[in-house]
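# Structure assessment
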Amino acid sequence: MLMFFLIGLLVHLIFFASIFDIYFTSPLVHGMTPHRTSLPPPAKRLVLFVADGLRADAFFELDQNGQTRSPFLRNVVVHHGSWGVSHTRVPTESRPGHVALIAGFYEDVSAVAKGWKENPVEFDSVFNESKYTWCWGSPDILPMFAKGASGDHIYTHMYPAEKEDFAAQDPSKLDTWVFNEVKEFFEFAKKNELLSKKMRQNQVVYFLHLLGLDTNGHAHRPMSSEYKENIRIVDKGIEEVVSVIEDFYRNDKKTAFIYTSDHGMTEWGSHGAGHPSETLTPLVAWGAGISGPLVESNQQFQDAFLQEWKLNDWRRLDVNQADIAPLMAALIGVPFPLNSVGILPLEYLNNSNQFKAECILTNTMQILEQFTVKMIHKKETTLSFLFSPFK
């Protein structure tokens, strides 16, 4: 009887351990060869704006007076760039969302052991592949992209962690801090020859992490006047930063801009699950290498957002969140992130068919490389008579 009990206990322990071995082991692999497009890229530099916690509907909808809360970006959508909805995945948290955007893969479940704050396994990203990347924003987000980067080329500018206060009267000051720091940075670069030389090289990235909306959403809810006013503040700040950057580079038309969010937020100010209010985020892209707006009146979507947002006639190009990473890589000509599973959204690219074909081939080879490495690893760790290659 005792032996039967011990055997039963052992079987249950094995089953229990198997859960962690199967589901809580990092899916990331290493040892892949980087792949990049051989043709000249359309942009020399990329500016990425991420409005943390911004819902797609809150951004695109018009207010009670029929006016947009984001006049600058709405003008971009209608006259200069491409737009759509970026579909995130659970858990809809800040760290997983930024990893999907910048590294191109979805949540590594083993990161639950780190409280979703950092990845226990090093990974590649667009920032790591860039020549130089400058980042401004939250100390919760920026360090994970600088940590483990190959070389000292990712520079972070962060406010103190204590500024992230949900009880603060005006959390939008977090965003204002970022915008002011960026403007001062470019002003300083005009007087610093060494810094200016770095900034004028190819494959440069500027990343602005804007946490005010997320903080306002938690504190006051997404339907509040504080949250909606924060959207206006972000739009105005982006307009000013774009002007500063274009002035610094003398309007050389070689800068690509992307505006999006890591996740949305429920009506009661939470996120993490899979409700559409949490998984639907805005995407606006413009500048070098980005397709301009196209009039398309017979668009078919399962939702009614085009009518609600009064954008019926402007082509909507939806993407999965991880697709943004290969888009950024293609725009500035860096290798696609090694661990990316994103599929390049060709509709966003304004370039020759040859360039698009080269990019999608590079994307395919990069994903195939992961499969090959995983297959080799699986074969080496599996008994030969149990291994069967995928056909």
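Position numbers for residues count from 1 along each chain, tracking the sequence in the order it is written. Only residues with pLDDT of at least 70 get local features here, since the model is predicted, and only at 80 or more are side-chain atom pairs given and counted; chain-wide, interface and lining totals rely on the full set of residues. Here the side-chain values reflect all heavy atoms present in the structure, with hydrogen atoms and water set aside.

### Notes on the pairing of strand 6 (residues 255–260)
When accessible area is computed with a 1.4 Å probe and restricted to protein chains, residues below 20% of their type maximum are described as buried, those above 50% as exposed, and intermediate ones as partly exposed. Strands here are runs of E lasting at least two residues and helices are runs of H or I lasting at least four, both read from the DSSP assignment and numbered beginning at the N terminus. Most of strand 6 is tucked away: six of the six residues are buried. Going residue by residue along strand 6, you find Thr255, Phe257 and Tyr259 tucked away on one face and Ala256, Ile258 and Thr260 tucked away on the opposite face as well. In short, DSSP must find at least two bridges between two strands for them to pair. Examined bridge by bridge, strand 6 and strand 7 (residues 280–287) share five bridges and lie antiparallel to one another. Looking at the pairing, Phe257 lines up with Trp286 of strand 7.

### Side note on the nonpolar core
Considering soluble globular proteins, one finds that nonpolar side chains tend to be buried as a cluster. By size, the foremost hydrophobic cluster in this structure holds 51 residues, and its most contacted members are Phe49, Met199, Tyr206, Ile238, Tyr259 and Trp286. For this core, the element with the most residues is helix 10 (residues 225–248), which contributes eight residues. When residues no more than four places from it in sequence are discounted, the contact partners of Tyr259 are Phe49, Ala51, Leu54, Phe59, Leu73, Val234, Ile238, Pro282, Leu283, Val284 and Trp286. Listed in part, the 45 residues of the second largest apolar core include Leu48, Val50, Ala149 and Phe207. The set of buried Ala, Val, Leu, Ile, Met, Phe, Trp, Tyr and Cys residues whose side-chain atoms join them within 4.5 Å is what this entry labels a nonpolar core. Whether two residues touch is decided by their heavy atoms; if any such pair falls within 4.5 Å, the residues are in contact.

### Brief notes about the side chain of Gln321
Topologically, Gln321 is positioned in the loop between strand 8 (319–320) and helix 13 (324–332). Within the structure, the side chain of Gln321 is placed 3.4 Å from the backbone oxygen of Ser261, a separation counted as a polar contact. Contact partners of Gln321, with chain neighbours within four places excluded, come to Ser86, His87, Thr88, Gly97, Ala100, Leu101, Tyr106, Ser261 and Asp262. Here a polar contact is taken to be a pair of N or O atoms separated by no more than 3.5 Å, where protein atoms must pair a possible hydrogen donor with a possible acceptor and residues adjacent in sequence count only if both atoms sit in side chains.

### Quick word on helix 10
Given a rise of 1.5 Å per residue, 24 residues ought to cover 34 Å, and the 35 Å separating the end C-alpha atoms of helix 10 matches this to within 8%. What helix 10 keeps buried is the set Tyr227, Asn230, Ile231, Val234, Asp235, Gly237, Ile238, Val241, Val242, Ile245, Glu246 and Phe248. Expected helix span is given by 1.5 Å per residue-to-residue step, counting one fewer step than there are residues.

### Quick notes on unusual backbone geometry
Look at the link from Val90 to Pro91: it is a cis peptide, with omega at 0°. Positionally, Pro91 belongs in the loop between strand 2 (82–87) and helix 4 (94–103). Even without being a glycine, Arg221 presents a positive backbone phi close to 80°. Within the secondary structure, Arg221 is located in the loop between helix 9 (212–220) and helix 10. With relative accessibility at 36%, the residue Arg221 sits in the partly exposed group.

### Focus on the sheet that holds strand 6
An order of 4-3-5-1-6-7-2-8 is seen for the eight strands of this open sheet, with the pairing classed as mixed. Because the sheet does not close on itself, it has two edges, and the strands there are strand 4 (154–158) and strand 8. Two elements, strand 2 and strand 7, share six bridges in a ladder whose sense is antiparallel. Considered in strand 7, the bridge of Ser82 is made with Ala285. Angular values range over 0 to 180 degrees, each being the angle between N-to-C directions of two axes fitted as lines to C-alpha atoms, with helices fitted over their stretch in contact. Each of strand 2, strand 6 and strand 7 touches helix 3 (residues 71–79); the most contacted strand, strand 7, lies at about 70° to it.

### A look at the packing of helix 9 against helix 10
In the contact formed by helix 9 and helix 10, the axes pass within 9 Å of each other and the chain directions differ by 170°. Comparing their axes, helix 10 and helix 9 come out roughly antiparallel. Only Glu226, Tyr227, Asn230, Ile231 and Val234 of helix 10 make contact with helix 9, whose side of the interface consists of Gly212, Leu213, Asn216, Gly217 and His220. By the definition adopted for this analysis, an angle is roughly parallel if under 35 degrees, roughly antiparallel if over 145, roughly perpendicular if from 65 to 115, and oblique otherwise.

### Focus on the packing of aromatic side chains
Remark: the centre distance and the inter-plane angle together describe each pair of aromatic rings, the angle taken between the planes. A pair of aromatic rings is counted whenever rings of Phe, Tyr or Trp (Trp by its six-membered ring) have centres within 6.5 Å, and the orientation is called stacked for planes under 30 degrees apart, edge-to-face for over 60 and tilted otherwise. Summed over the entire model, instances satisfying the criterion amount to 24 aromatic pairs. Ring centres of Trp134 and Tyr155 lie 5.5 Å apart, and the angle between their planes is 20°; this geometry places the pair in the stacked category. One end of the pair, Trp134, is in strand 3 (residues 132–137); the other, Tyr155, is in strand 4, with 21 residues separating them in the sequence. Assessed through its relative accessible area of 3%, Trp134 is described here as buried. Measuring from centroid to centroid gives 5.1 Å for Trp136 and Phe185, while their planes differ by 70°, and the two rings are edge-to-face. Taken together, the residues Trp136 in strand 3 and Phe185 in helix 7 (residues 173–189) connect sequence positions 49 residues apart. Like Trp136, the residue Phe185 is buried in the burial classification. Here the aromatic cluster, defined as three or more aromatic residues joined through ring pairs, consists of Tyr132, Trp134, Trp136, Tyr155, Phe185, Phe186, Tyr206, Phe248 and Tyr249. The side chain of Arg89 reaches across the aromatic face of Tyr106, ending 3.9 Å from its centre. Either the NZ atom of lysine or the CZ atom of arginine qualifies as a charge over a ring when it sits within 6 Å of the ring centre and within 35 degrees of the ring normal.

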